[in-house]
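# Observations on chain architecture
Next come the chains, spelled out residue by residue.
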Amino acid sequence: DPGLVPALRSLTARQRTAVWLIHGCQWSYRAAAEAMGVSVTAVGTHASRALERLRSQLEVTADA
C-alpha cells in the first residue's frame, strides 16, 4: 500500500518500534519489552494504539 510508509512515519517512535518488533520481526511481547526497556503491558499498549492508527489512516475495516 503506498500509504503505508507515511502512516508508519505518523506513529510515535515507541509505537513504530513495537509494531516492527512484534509484527515485522515476530518477536514476543516479552522480548520486545526487554529490547525497548519497558513493561510487557506498555508494549501491548504501544502496539495496540499503533495498529488502531494504521488501520484508520489506511482505511482498513475490521472485516478486511
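Structural data are supplied above this passage.
In this text, all values refer to a predicted model and were calculated from it rather than measured experimentally.

In this section: the overall build of the chain. Secondary structure assignment for the chain yields four helices and zero strands. Traced from its N-terminal end to its C-terminal end, the chain shows the element sequence α-α-α-α. Expected size for 64 residues packed as a compact globule is a radius of gyration near 11 Å; at 12 Å, the chain falls within 12% of this value. Based on the C-alpha atoms only, the size of the chain along its principal axes is roughly 30 × 25 × 15 Å. Of all 64 residues assigned to the chain, the portion counted as buried reaches 25%. Considering only residue pairs separated by 6 or more positions, the chain has 52% of its internal contacts joining residues 24 or more positions apart. For the chain, the exposed surface amounts to about 4,400 Å²; the carbon and sulfur share of it is 53%. Seen as two clouds, the 7 positive and the 5 negative side-chain charges of the chain have centres 11 Å apart.

Orientation of helix α2 (residues 13-24) relative to helix α3 (residues 29-36), taken along the N-to-C sense of each, is 140°, at an axis distance of 9 Å. What the angle tells us is that α2 and α3 run oblique. By crossing handedness, the relation of α2 to α3 is classed as right-handed. Residues Arg 14, Thr 17, Ala 18, Leu 21 and Ile 22 of α2 form the contact with α3, whose participating residues are Tyr 29, Ala 32, Ala 35 and Met 36. Taken together, the residues of the contact of α2 with α3 break down into seven nonpolar, one polar and one charged.

What counts and what doesn't
- Residues numbered from 1 in each chain as written.
- Predicted model: local features only at pLDDT ≥ 70, side-chain atom pairs only at ≥ 80, totals over all residues.
- Heavy atoms only, no water.
- Helix = DSSP H or I, 4+ residues; strand = E, 2+ residues; numbered from the N terminus.
- Rg over C-alpha atoms; globule rule 2.2 N^0.38 Å.
- Buried < 20%, exposed > 50% of the residue type's maximum accessible area, 1.4 Å probe, protein only.
- Contact = heavy atoms within 4.5 Å.
- Areas by Shrake-Rupley, 256 points an atom, 1.4 Å probe, with all protein chains shown as cover.
- Lys, Arg positive; Asp, Glu negative; His and termini not counted.
- Charge placed at Lys NZ, Arg CZ, Asp CG, Glu CD.
- Axes fitted to C-alpha atoms, helices over the stretch in contact; angles between N-to-C directions.
- Parallel < 35°, antiparallel > 145°, perpendicular 65-115°, else oblique.
- Left-handed = near helix turned anticlockwise from the far one by under 90°.
- Nonpolar A, V, L, I, M, F, W, Y, C, P; charged D, E, K, R; others polar.

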